[in-house]
Protein chains: 2
Amino acid sequence: MNNSYINGFKEALKKENLKFTNQRFSILQFLTNNDGHYDCDSIIDYLKKNKIKVSKATAYRTLDLLVKYDFCRKMVLDDGIARYENKLDATHHDHMICIDTGKIIEFMSPEIEKIQDDIAKDKGYKIIKHVHQLFVKKIS
Amino acid sequence: MNNSYINGFKEALKKENLKFTNQRFSILQFLTNNDGHYDCDSIIDYLKKNKIKVSKATAYRTLDLLVKYDFCRKMVLDDGIARYENKLDATHHDHMICIDTGKIIEFMSPEIEKIQDDIAKDKGYKIIKHVHQLFVKKIS
DNA sequence: ATTATTGCAAATCCTTTGCAGTACC
DNA sequence: GGTACTGCAAAGGATTTGCAATAAT
């Protein structure tokens, strides 16, 4: 297992004048070890099953931090609920979401990436991040 | 001015067994006459300035309806706040959002549209709707 | 020892819902 | 006249915040 992200995490904490705690680390660890898209409650529930107690307050505070330092990605769908996913070592990708089942499938197109860069540049901007979600149904 | 959307609106209302009321119509009218992306409160504030009183309850109920019948589009950013925009007669487009100023610029790329259709088809799905947002900064 | 952390419960914010009075057909 | 509408205020659900007890360096 590649644990090099731990040092990066410690550095981020130092930069923010924060301490390395079990709660913070557990959340990071959960996300880096699990592919998938989790809302705050799911993360807390999972950790609870493993005898690690984290409050919502701490979870949200930690998730904000992880997003800020690029350890994870936040996505908010139309239901207004934030979902988080590992971003470390994960190749960049976007999401296809099945309207019927809620299943999330990842996709990535270098062509699209290039075109959107060009579009932004054209208008005098550079892309900091982007959201690209396809809401789909199975072809019957 | 093209007011043909009024009939479409009346038909939608009939289909839902709903009545044509001033509040509902005012919201539709505001969105069709104004390009832009408005949250619920902004819409209510604007209408209030024009002496039209609409409650939040009614506004949200109406906006849901307008989305359902494709009169407008709902978008939720990471802040969790829903924004609505006119969809009628508007050529399809996506959004570039300036991180610093909040300015929203529209864009549209037929190439991207085609590629994403192909990606979905490839996995056995068809696209019902999509969200494509570029978060950008001005090139300095 | 000092300084930041945690969890709790209360507070916020956006959105939804129940209900009594009001408006449309 | 009957059925649907509106606004209000209360309820809901996700997220944030203040604070006293607790843990990290």
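Details of the structure are given in the entry above.
The structure displayed is predicted, hence computed values, not measured ones. (Residues numbered from 1 in each chain as written. Chains lettered and ligands numbered in written order. Predicted model: local features only at pLDDT ≥ 70, side-chain atom pairs only at ≥ 80, totals over all residues. Heavy atoms only, no water.)

Undergrad: Explain the protein's contact with DNA strand C residue by residue, including any values.
TA: Every one of the 19 residues lining DNA strand C counts as a neighbour, but Thr21, Arg24, Lys53 and Thr58 of chain A together with Tyr60 of chain B are closest to it. Counting only the atoms of DNA strand C that lie within 4 Å of the protein, the sugar and phosphate share comes to 72%. Here Gln23 of chain A contributes a side-chain N or O atom positioned 3.0 Å from a sugar or linking oxygen of DNA strand C. Take Lys19 of chain B: an N or O atom from its side chain is 3.3 Å from a base oxygen of DNA strand C. Put simply, the parts of the chain that give the surface near DNA strand C at least two residues each are α2 (22–33) and α4 (56–68) of chain A together with α4 (56–68) of chain B. (Near = heavy atom within 4 Å. Polar contact = N/O pair within 3.5 Å; in protein donor to acceptor, adjacent residues only side chain to side chain. Helix = DSSP H or I, 4+ residues; strand = E, 2+ residues; numbered from the N terminus.)

Undergrad: Account for the protein's contact with DNA strand D, with residues named and values stated.
TA: Within the structure, DNA strand D sits among 20 residues, and Tyr60 of chain A together with Thr21, Arg24, Lys53 and Thr58 of chain B are positioned closest to it. When atoms of DNA strand D within 4 Å of the protein are sorted by moiety, sugar and phosphate together comprise 74%. Lys19 of chain B has a polar side-chain atom sitting 2.9 Å from a base oxygen of DNA strand D. The separation between a phosphate oxygen of DNA strand D and a polar side-chain atom of Thr58 of chain B is 2.7 Å. Listed by contribution, the elements that provide at least two residues to the surface near DNA strand D are α4 of chain A together with α2 (22–33) and α4 of chain B. At 4 residues, the largest contribution of residues to the surface near DNA strand D is made by α4 of chain A.

Undergrad: Just give me the short version of the sheet that holds strand β1 (residues 38–39) of chain B, but keep the residues and values in it.
TA: Residues and elements named next belong to chain B. Sheet architecture is open: 3 strands sit in the order β1-β3-β2, paired in antiparallel fashion. Only two strands of the sheet have a single neighbouring strand rather than two, namely β1 and β2 (72–76). As paired strands, β2 and strand β3 (residues 82–86) are joined by 5 bridges and run antiparallel to one another. By the bridge assignment, Met75 is partnered in β3 with Arg83. (Pairing = 2+ DSSP bridges.)

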